[in-house]
Amino acid sequence: IADDPEDFEARSVQLNEEPHLSTLGQCEPAVQFLNERGFELIQEGNSRFLVFMMDEVAGLREAAKEVKACRERQQKQKASVV
């Protein structure tokens, strides 16, 4: 979304279908993280979607940096355990 804000297909994630069902769809903290950064959780029947409705995407760039830093810390922790 941050790289191509006009791509509206990239603005939604269906949580109850693969590839997101077994990853993001099962991780409520991740859903909450995205919700706090502008994604809206929409539930229609058995379907769950995250949709980014905002025009401003700068916050997504910051969120991506935050996720990258967290993943690097996790990888370092795993490496130090082995």
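How each quantity is defined
- Along each chain, residue indices are assigned from 1 in the same order as the chain's sequence is written.
- Totals for whole chains, interfaces and linings use every residue, but because this is a predicted model, local features are given only for residues with pLDDT of at least 70 and side-chain atom pairs only at 80 or more, for both listing and counting.
- Think of the side-chain values as coming from all heavy atoms in the structure, minus any hydrogens and water.
- Per the convention used, a helix needs a DSSP run of H or I reaching at least four residues, while a strand needs a run of E reaching at least two, with both numbered from the N terminus.
- Each residue's exposure class comes from its accessible area (1.4 Å probe, protein chains only) as a fraction of the maximum for that residue type: buried when under 20%, exposed when over 50%, partly exposed otherwise.
- By the convention used here, strands pair only if DSSP detects at least 2 bridges between them.
- Think of each axis as a best-fit line through the C-alpha atoms, taken over the contacting stretch in the case of a helix, with angles from 0 to 180 degrees between the N-to-C directions.
- By the convention used here, residues are in contact when the closest approach between their heavy atoms is within 4.5 Å.
- Side-chain atoms alone can form a polar contact between residues adjacent in sequence; in general such a contact is a pair of N or O atoms within 3.5 Å, and within protein one must be able to donate a hydrogen while the other accepts it.
- In the sections that follow, a salt bridge refers to a side-chain nitrogen of Lys or Arg positioned within 4 Å of a carboxyl oxygen of Asp or Glu.

Observations concerning the environment of proline 19
Step number 1: Tracing the chain through its elements places proline 19 in the loop between strand 1 (12-14) and helix 1 (28-36).
Step number 2: Classification of proline 19 by relative accessible area gives exposed; the value is 54%.
Step number 3: Sequence separation of proline 19 and valine 31 is 12 residues, and the distance between their C-alpha atoms is 15 Å.

Focus on the sheet that holds strand 2 (residues 39-44)
Step number 1: Strand order across the open sheet formed by 3 strands is 1-3-2, with antiparallel pairing between neighbours. Each having just a single partner strand, strand 1 and strand 2 make up the two edges of the open sheet. The sheet shows a mean angle of 20 degrees between the axes of neighbouring strands, taken without regard to direction.
Step number 2: Seen against the sheet, helix 1 touches strand 2 and strand 3 (47-52) and runs at an angle of roughly 120 degrees to strand 2.

Quick notes on the pairing of strand 2
Step number 1: Note: strand 2 against strand 3, 6 bridges, orientation antiparallel. Bridge pairing links leucine 41 to leucine 50 in strand 3.
Step number 2: Where strand 2 hands over to strand 3, the hairpin turn is made up of 2 residues, of which glycine 45 adopts a positive phi near 60 degrees.

Things to note about the side chain of arginine 48
Step number 1: For arginine 48, the location among the structural elements is in strand 3.
Step number 2: Here the side chain of arginine 48 touches glutamate 28 through a polar contact of 3.1 Å, side chain to side chain.
Step number 3: Excluding residues that lie within four positions of it along the chain, arginine 48 makes contacts with Val13, Gln14, Leu15, Asn16, Gly25, Glu28, Val31, Leu41, Ile42 and Gln43.

Concerning the pattern of salt bridges
Step number 1: Per the counting criterion, the structure on display carries 4 salt bridges.
Step number 2: Two residues, glutamate 28 and arginine 48, come together in a salt bridge whose shortest N-O distance is 3.1 Å. Of the two residues, glutamate 28 is situated in helix 1 and arginine 48 in strand 3; the sequence distance between them amounts to 20 residues.
Step number 3: Looking at glutamate 28, the relative accessible area reads 43%, which means it is partly exposed.
Step number 4: A salt bridge links glutamate 62 to lysine 65; its shortest N-O distance comes to 3.6 Å. With a gap of 3 residues between them, glutamate 62 and lysine 65 both fall in helix 2 (residues 58-81), about one helical turn apart.
Step number 5: Judged by its relative accessible area of 55%, lysine 65 is exposed.

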